[in-house]
Amino acid sequence: MTVRDEVNIAGVPWPVYKLLSLAVGFVVLVIVGIATGSAAPAVLAAAAAGTIVWLGLGALHHTHS
């Protein structure tokens, strides 16, 4: 892993793909929450989107390492 592949947060190195998946999950949470006006579908959609991005980019990251 190179220095560009991770970011230190409170002294703990985080891979960039994990931070990206959290950001995608948050964006989906806000968009679905506004569109539906309900927390349940927003949380479920955000969890699904974040998980898909986390696993997909994680798999790509590990194949290129």
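What counts and what doesn't
- Residues numbered from 1 in each chain as written.
- Predicted model: local features only at pLDDT ≥ 70, side-chain atom pairs only at ≥ 80, totals over all residues.
- Heavy atoms only, no water.
- Helix = DSSP H or I, 4+ residues; strand = E, 2+ residues; numbered from the N terminus.
- Rg over C-alpha atoms; globule rule 2.2 N^0.38 Å.
- Buried < 20%, exposed > 50% of the residue type's maximum accessible area, 1.4 Å probe, protein only.
- Contact = heavy atoms within 4.5 Å.
- Polar contact = N/O pair within 3.5 Å; in protein donor to acceptor, adjacent residues only side chain to side chain.
- Expected span 1.5 Å × (residues − 1).
- Arc of directions from axis to C-beta.

Caption draft 1: Highlighting the overall build of the protein. Along its length, the protein carries 2 helices and 2 strands. Starting at the N terminus, the α and β elements of the protein follow one another as β-β-α-α. What you see for the protein is a C-alpha radius of gyration of 14 Å, clearly larger than the 11 Å of a compact globule of 65 residues, by over 25%. Along the first, second and third principal axes, the C-alpha atoms of the protein reach 40 × 25 × 10 Å. Counting all 65 residues of the protein, 17% fall into the buried class. Within the protein, residue pairs in contact and separated by at least 24 positions form 38% of the contacts whose partners lie at least 6 positions apart.

Caption draft 2: Highlighting the side chain of Ser21. In this fold, Ser21 is placed in helix H1 (residues 16–36). Assessed through its relative accessible area of 2%, Ser21 is described here as buried. Within the structure, Ser21 has its side chain in polar contact with the backbone oxygen of Lys18 (distance 2.7 Å). With sequence-adjacent residues up to four places away left out, Ser21 is seen in contact with Gly50, Val53 and Trp54.

Caption draft 3: Representation of H1 within the structure. Taking 1.5 Å of rise per residue, the 21 residues of H1 would be expected to cover 30 Å, and the 30 Å separating its terminal C-alpha atoms lies within 8% of that figure. Among all positions of H1, only Tyr17, Ser21, Gly25 and Val32 are buried. The arc that holds the buried residues of H1, viewed along the axis, is 85 degrees, so those residues lie on one side. Turned more than 90 degrees from where H1 packs its buried face, Phe26, Ile31 and Ile34 sit exposed. Against strand E2 (12–15) and helix H2 (39–64) lie the buried residues of H1. Immediately beyond the C-terminal end of H1, within one or two residues, lies Gly37, with a positive phi of roughly 70 degrees.

Caption draft 4: View of H2. Between the first and last C-alpha of H2 there are 37 Å, a value that for 26 residues agrees with the 38 Å anticipated at 1.5 Å per step. Listed as buried for H2 are Ala42, Ala46, Ala49, Gly50, Gly58 and His61. Tucked into the core, H2 has its buried residues touching H1.

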